[in-house]
Amino acid sequence: MAEIKSELSRELNLFHITMMGLGMMIGAGVFLGIGNSIYIAGPGGAILTFALNGLIAMMTAMSYAELSSAIPHAGGAYNFARIGFGKGASFMAGWMEWFASSVAGSVYAHTFSIYTMRYLETLGLMSWFPYSEEIGVKLFSVIIAGLFIYINYRGVQETGKFGAFFTMGQTTFLVIIGLAGFYVAIKDPARIQNLRPFLPYGWRNLLITMGFTYVAFEGFEVISQAGDETINPRKNLPKAMILSVFVVTLTYVSVAFATLVSVKEGMPGVEAPVWKWIGSFREKGFGEAVSFLMPFGNVLLTIAVIFASTSALNATIYSASRVSYALGRDNMLPGFFSRISRKTKTPYVALIFTSFIILFIAVLLPTIHVASSASIMFLFLFFLANLSAIRVRWRMGDELIYGYKMPLFPLFPIMAVLIQIVLSVWLVHMSVIAWIVAVVWISIGFTVYNTFSRTRAKLSPHDIQILEEEKVSPEEDERYRIMVAVSNPENSIRLVRSVYKLCSAKEANIELIHMVEVPDQVPLSDAHLYMLKGKEAIVEAMLYLAPTFSLTTTVRYCRNVSRGIITATREKKVDLLVMGFPQKSTMAEFRFGKNVDQVIDKAPCHVILLKGETDKRAKKILVPISGGPNSTLALEVAIILVEDGGTVVPFYVAGVKSTFDMAGFLRSSLEKIGLNKNVDIESKIALGDDVAEGICREGLSYDLVVMGVSPGIGFTRGKSIKVPELVARRSTFPVIFVKETSGVRSLVRKVL
């Protein structure tokens, strides 16, 4: 009988998830942040804090939008990090996100309580309350948090409806405040003077306030959590993220401006300069200023705060419970975290644990420092998400289906990463405790991962796992490393025979690897059923190489062979990768075959591709050259492979306007190679415009042809199909294609 599974229901449309994002952002961050920003960075600093944070948030939102459109599942950055960097990074992303969202929820509950009690006190309705204001704030926080925990339990449709209602309310009132501010400034231009001096404390303090208020811009994260419950997620998730950040940035800047012009110099109780008076109230500065802005200012302020804090609280509870659900779903946390209520279709166990964190923090921890901790956690989280966007596009861009791709990639995620590092460091000037809390929580996460999650985590379809790994003889880490990718017993001996001399010349350690590609419809747990042919190929190669060389063997399974090989070359720190030419390849779409193309483009090491009977003895080798590192490597490989006393012929097809310096190239290349073998070097230049045809005609007279290949470099002459591709199609003689990787390009590939 087939297993019956529970899953989340898809009921959220573009409007719902946009409102969820706005609700997550327009909360306590703006109300607590405006007064503190004015106090720390001055009037212009407060406006720039929200404007510049909006730009940074938009950069990160584009990364989230791209990743969510390709990976539309509950978990957000947790899923992105899993695919980009593996289960260790993904666990820490989910762990930080769970804490940050939960802490943000307790802050929003506190904000609701503080402003609600403030208004009730002005009406004289709190005289009956027998306890202190601090206890009252905590009690109200528990009540309001408990209410929205219940709303979240009722189900995603109720969550979306209540969230949309409250978000529309809060946005409407904040827009009214912003418009009132512009109206007052136009009617009384003298109030613009409240913005002077614009940056009294300089840019340094601006960085502090940007780091502290960054939590107010993380609403697009909650949108990414709704991937399993959104209608048409590949299109609606990116739209909601970009739209929500745009709307909230305009709202924040407008409200910050309105706060500064709300008060006129000389009003009763207001000391000049106005911005210092507002800033002196710190987190209450926004409320004190806006109460002067319009009739019933206190009433409107209280309504706005109630709507904003409750909608944000609703969204944070949703976000935190969904990411802990995703951790449980993948066995990163105990499996009961992924239990879903049959009645409401909500992850009720994850919601219970999330509720405990929110209520615990709301009752016991100071608001200002925990809010800073939330900001620093989100900065860390977004840093990882931006890196994941770069890495996923680089490594898997041709495998995933994107509903949205950011422009000017990878400019925006790189800029966001650099700025987020600066803001994280600068946040220490606002709260040392925030850094302490962050370090403690991350340390607990490392402990949980290493003692529980690492060995229990479910396999992701994108994971690459080792089925068998065996050392046949001791490995010397400092020696040159050659990896040979074998696929079947028929070609394994030919591959290792072809590179035998290379291994000897380099005194190399040899890594034999076979990638088991498991079909999408087959469970990863059945991967071992597909490894027999690969093991036979490795055994054949071992019998040939083991008596002479130090070698290791590895069998891995994955969903994508090229990515598996590239990952292995990084992990093993391989210097040279050897592959066989694919027996079948669709030349209309790929140069040498899909897997080989991706390896050539992205492998962080030298690559050798063997076509034909390259294992036979070669007395005469042709080396077509065009200059550059690939040609130098081709010349070196030819010199190593040619028989002692044989001939290597560097060959160049010259056009009418050709200025290539053959003698200069050979002089510099041979000096670099260090020729210490009895080999004749006889260069040859032929005239012609069809380079590929010239090589194919000349190659018929040689035992072997060795030539360079790399994307966008080499024998192009303005044609869309590169010369190595044409030679691969037309040749009837053995050919070895080589790709050289060094310098900055190699470093980037190893990192990504």
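A tally of helices and strands in the protein yields 26 helices and twelve strands. In the protein, buried positions account for 59% of the 752 residues. By sequence separation, contacts in the protein at least 24 residues apart represent 84% of the contacts at least 6 residues apart.

Time to look at the pattern of salt bridges. All told, the structure shown has 14 salt bridges when counted by the stated rule. The closest approach of N and O atoms between K616 and E613, which form a salt bridge, is 2.5 Å. K616 gets classed as exposed once you look at its relative accessible area, which sits at 54%. Taking relative accessible area as the criterion, E613 reaches 36% and is therefore assigned partly exposed. Between R730 and D690 there is a salt bridge, with its nearest N and O atoms 3.9 Å apart. Of this pair, R730 sits in helix 25 (residues 723-730) while D690 sits in the loop between strand 10 (684-687) and helix 24 (691-699), and the two are 40 residues apart along the sequence. Take R730: its relative accessible area is 39%, and that puts it in the partly exposed class. Look at D690 and you get partly exposed, because its relative accessible area is 33%.

With an omega of -5°, the peptide bond between R196 and P197 qualifies as cis. Omega for the peptide link from F409 to P410 comes to 5°, which places this bond in the cis form. Along the chain, P410 falls in the loop between helix 14 (367-396) and helix 15 (411-426). Positive phi values are uncommon outside glycine, yet E507 reaches one of about 50°. Its place among the elements puts E507 in the loop between helix 18 (500-506) and strand 3 (509-517). Relative accessible area serves as the criterion here: at 58%, E507 is assigned to the exposed category.

Closest axis-to-axis distance for the helix 12 (residues 297-329)/helix 13 (residues 348-364) pair is 8 Å, and the angle between their directions is 125°. When the axes of helix 12 and helix 13 are compared, the pair comes out oblique. Crossing hand, helix 12 versus helix 13: right-handed. Between helix 12 and helix 13, the residues in contact are I317, A320, S321, S324 and Y325 and A350, L351, T354 and I358, respectively. Among the residues making up the contact of helix 12 with helix 13, the classes are represented as six nonpolar, three polar and no charged.

A few words on a nonpolar patch on the surface. A surface patch of nonpolar side chains, about 510 Å² in accessible area, is lined by V142, F356, F360, V363, L364 and L365. Here the nonpolar patch gets four residues from one element, more than from any other, and that element is helix 13. When you line up the elements, F360 lands in helix 13. Residue classification places F360 among the partly exposed positions, given a relative accessible area of 42%.

Our next topic: the pairing of strand 6 (residues 606-611). Two faces belong to every sheet, and in a regular strand the side chains alternate between them. Counting buried positions over the six residues of strand 6 gives six, a clear majority of the element. Residues H606, I608 and L610 of strand 6 are buried on one face, and the alternating residues V607, L609 and K611, pointing to the opposite face, are buried as well. Bridge analysis of strand 5 (residues 576-580) against strand 6 gives five bridges, and the strand direction is parallel. Looking at strand 6, one finds that L577 is bridged to V607.

Now for the confidence of the model for the protein. Reading fine detail from the predicted coordinates is not recommended where pLDDT is low. Mean pLDDT over the protein stands at 81; residues scoring 70 or higher make up 85%. Between residues 585-590, whose pLDDT stays under 50, and residues either more than four places distant or in other chains, the model counts six contacts. When the criterion is pLDDT under 50, residues 712-719 qualifies, and its contacts beyond four places in sequence or with other chains add up to 21 contacts.

Right, let's get into the nonpolar core. Ranked by size, the top nonpolar core spans 135 residues in total, and within it Y64, I177, Y252 and F286 carry the most contacts. The contact partners of F286, leaving out residues within four places of it in the chain, are F31, I34, G35, Y115, I177, V255, T259 and L301. With 50 residues, the next largest nonpolar core counts V499, A541, V578 and V679 among its residues.

In total, this model carries 27 aromatic pairs according to the counting rule given. Relative to Y449, the ring of F91 has its centre 5.6 Å away and its plane inclined at 35°; by these criteria the two rings are tilted. Of this pair, F91 sits in helix 4 (residues 87-122) while Y449 sits in helix 16 (residues 432-456), and the two are 358 residues apart along the sequence. The pair formed by F91 and Y449 is uniform in burial state, with each residue classed as buried. The ring of F409 has R393 sitting right over it, with the charged end atom 4.0 Å from the ring centre. One cation-aromatic arrangement involves K611 over F581; the distance from NZ or CZ to the ring centre is 5.8 Å.

About the cut-offs
- Residues numbered from 1 in each chain as written.
- Predicted model: local features only at pLDDT ≥ 70, side-chain atom pairs only at ≥ 80, totals over all residues.
- Heavy atoms only, no water.
- Helix = DSSP H or I, 4+ residues; strand = E, 2+ residues; numbered from the N terminus.
- Buried < 20%, exposed > 50% of the residue type's maximum accessible area, 1.4 Å probe, protein only.
- Contact = heavy atoms within 4.5 Å.
- Salt bridge = Lys/Arg side-chain N within 4 Å of Asp/Glu carboxyl O.
- Axes fitted to C-alpha atoms, helices over the stretch in contact; angles between N-to-C directions.
- Parallel < 35°, antiparallel > 145°, perpendicular 65-115°, else oblique.
- Left-handed = near helix turned anticlockwise from the far one by under 90°.
- Nonpolar A, V, L, I, M, F, W, Y, C, P; charged D, E, K, R; others polar.
- Patch = residues over 30% accessible without salt bridge, like charges linked within 9 Å, V, L, I, M, F, W, Y side chains within 5 Å.
- Areas by Shrake-Rupley, 256 points an atom, 1.4 Å probe, with all protein chains shown as cover.
- Pairing = 2+ DSSP bridges.
- pLDDT = per-residue confidence, 0-100.
- Core = buried A, V, L, I, M, F, W, Y, C linked by side-chain atoms within 4.5 Å.
- Phe/Tyr/Trp six-rings, centres within 6.5 Å; stacked < 30°, edge-to-face > 60°.
- Lys NZ or Arg CZ within 6 Å of the ring centre and 35° of its normal.

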